[in-house]
Amino acid sequence: MQPLIDNARMFGQRPEEFAKLADGQSPQVLFITCSDSRVVPALITGARPGELFELRTAGNIVPPYVSEHPTSEAATIEYAVEVLGVSDIVVCGHSHCGAVGALVRGDDLDAVPAVRDWLSHATPRPTGAAEDPEVAEGVQAHVLTQVLRLRSYPFIEKKLKDRQLSLHAWYYEVHKGAVRVHDAETDAFEAL
């Protein structure tokens, strides 16, 4: 913890770099990814403060849109699209994902009921080689499912129809630091 505290102290020593951020934000991209500490969106993209709006959830899950009982995730997505006016949404899964791995293997998650119930939103359950530590196939299928789920949000459906929004599916390989992007023509994740 001490190195983090030391960095936070040094970070505040450069107020001139951050003064303009008080005027507001205007990110162009909503980046939805896993809460995993190995996945750092600003590091992966090179984004500076104010350039990337982030939503991090266990397993980068986008829950179903339910207007009567909105989730924090739906509120974040709606704010990014309707208020901030992002033009792109990236859903980024990653190799070695514990959440997707648990789903692919069919792990018993009764000891962590909140995790179990949250992961139930990942329908259909991702499939893949249970013995693959990268869970590449399962994660990539899961990312595409989350992109499809986003399309069911009414405000996203409208923005897509009006060509004001684009959706992107990414797969980050934590062991290589490489990003693959889904190519609709080949239906495969290709090197970025």
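First, a word on scope: everything that follows refers to the structure included in this document. (Residues numbered from 1 in each chain as written. Predicted model: local features only at pLDDT ≥ 70, side-chain atom pairs only at ≥ 80, totals over all residues. Heavy atoms only, no water.)

## Description of the nonpolar core
Burial of nonpolar side chains together is a common tendency in soluble globular proteins.
Next, step 1: Ranked by size, the top nonpolar core spans 40 residues in total, and within it Leu30, Ile32, Ile77, Ile89, Leu150 and Ile156 carry the most contacts.
Next, step 2: Among residues more than four places away in sequence, those in contact with Leu30 are Phe53, Glu54, Leu55, Ile77, Ala80, Val86, Asp88, Ile89 and Val90.
Next, step 3: In this structure, Phe31, Ala47, Tyr172 and Val179 belong to the second largest nonpolar core, which totals 10 residues. (Core = buried A, V, L, I, M, F, W, Y, C linked by side-chain atoms within 4.5 Å. Buried < 20%, exposed > 50% of the residue type's maximum accessible area, 1.4 Å probe, protein only. Contact = heavy atoms within 4.5 Å.)

## Focus on the pairing of strand 4 (residues 166–173)
Next, step 1: With six of eight residues buried, strand 4 lies mostly within the body of the structure.
Next, step 2: Judged from the seven bridges that link them, strand 3 (residues 88–94) and strand 4 form a sheet pairing that is parallel. Across the sheet, the residue bridging to Cys92 is Trp170, located in strand 4.
Next, step 3: When strand 4 meets strand 5 (residues 178–183), the two strands line up antiparallel, connected through four bridges. Among the inter-strand pairings, Glu173 is bridged to a residue of strand 5, identified as Ala178.
Next, step 4: Connecting the antiparallel pair strand 4 and strand 5 is a turn made up of four residues, with Gly177 showing a positive phi of about 70°. (Helix = DSSP H or I, 4+ residues; strand = E, 2+ residues; numbered from the N terminus. Pairing = 2+ DSSP bridges.)

## Focus on helix 5 (residues 98–105)
Given 3.6 residues per helical turn, the α-helix brings residues three or four places apart onto the same face.
Next, step 1: For helix 5, a buried count of six out of eight residues is recorded, marking the element as mostly surrounded by other parts of the structure.
Next, step 2: Taken residue by residue, helix 5 has Ala99, Val100, Gly101, Ala102, Leu103 and Val104 as its buried positions.
Next, step 3: At the exit of helix 5 stands Gly106, carrying a positive phi of roughly 70°.

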